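# Inside the fold
The chain contents come next:
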Amino acid sequence: MRLRTTSELQRREGPDAQLGPGQFFVRKTVVGKKCYQRIEATVDFDGKYDVVDSKMVNGKLITYEEYKKDEH
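All residue numbers here refer to positions counted from 1 along the written sequence of the relevant chain. In view of the model being predicted, local features appear only for residues whose pLDDT reaches at least 70, and side-chain atom pairs are presented and counted only at 80 or more, with totals across whole chains, interfaces and linings using the full set of residues. As a rule here, side-chain values cover all heavy atoms of the structure and leave hydrogens and water aside.

## Brief notes about the pairing of strand β4 (residues 51-57)
The rule for pairing is simple: two strands pair if DSSP sees at least two bridges between them. Strands here are runs of E lasting at least two residues and helices are runs of H or I lasting at least four, both read from the DSSP assignment and numbered beginning at the N terminus. Alignment of strand β3 (residues 38-45) against β4, held across six bridges, turns out to be antiparallel. From the neighbouring strand, A41 faces β4, where its bridge partner is M56.

Printed below as a string of structure tokens:
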């Protein structure tokens, strides 16, 4: 899943700032290339866009290195 920090991430402000660990978050439904099962993803990011928490339904979050390794 690729994200555009300028348009897809939402900033937690005001009362919503207490709803999660990250300064930014995204909720997204993802469909893979090899499997068409929907993955529901919620990912929290800090101010540097590093992942601080994630919740996946029907999938798991992996690093870019793991993704590149599986690609071959």
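And the narrative resumes.
## Let's talk about the pairing of β3
In this structure, strand β2 (residues 24-31) lies alongside β3, joined through eight bridges in antiparallel fashion. Bridge pairing links V26 to V43 in β3. Between β2 and β3, which pair antiparallel and follow one another directly, the connecting turn spans six residues. Hairpin remark: β3 followed by β4, antiparallel, with five residues in the connecting loop; positive phi at Y49, about 65°.

## Regarding the pattern of salt bridges
What makes a salt bridge here is a side-chain nitrogen of Lys or Arg within 4 Å of a carboxyl oxygen of Asp or Glu, nothing more. Taken as a whole, this structure holds four salt bridges when the rule is applied. Taking the shortest distance from any N to any O, the salt bridge between E8 and K28 comes out at 2.6 Å. Residue E8 is located in the segment before β1 (10-11), and its partner K28 is located in strand β2; the two are separated by 20 residues in the primary sequence.

## As for the side chain of R12
Relative to the helices and strands, R12 resides in the loop between β1 and β2. The term polar contact refers here to a pair of N or O atoms within 3.5 Å; inside protein, the definition further demands a hydrogen-donor-capable atom paired with an acceptor-capable atom, and it admits residues adjacent in sequence only when both atoms are side-chain atoms. Polar contacts involving the side chain of R12 include one to the main-chain carbonyl oxygen of G22, which spans 3.3 Å. Only 2.4 Å separates the side chain of R12 from the side chain of D44, close enough to count as a polar contact. A contact between two residues is defined here by any heavy atoms of the two lying within 4.5 Å. In contact with R12, not counting residues within four places along its chain, are A17, L19, G20, P21, G22, Q23, F24, F25 and D44.

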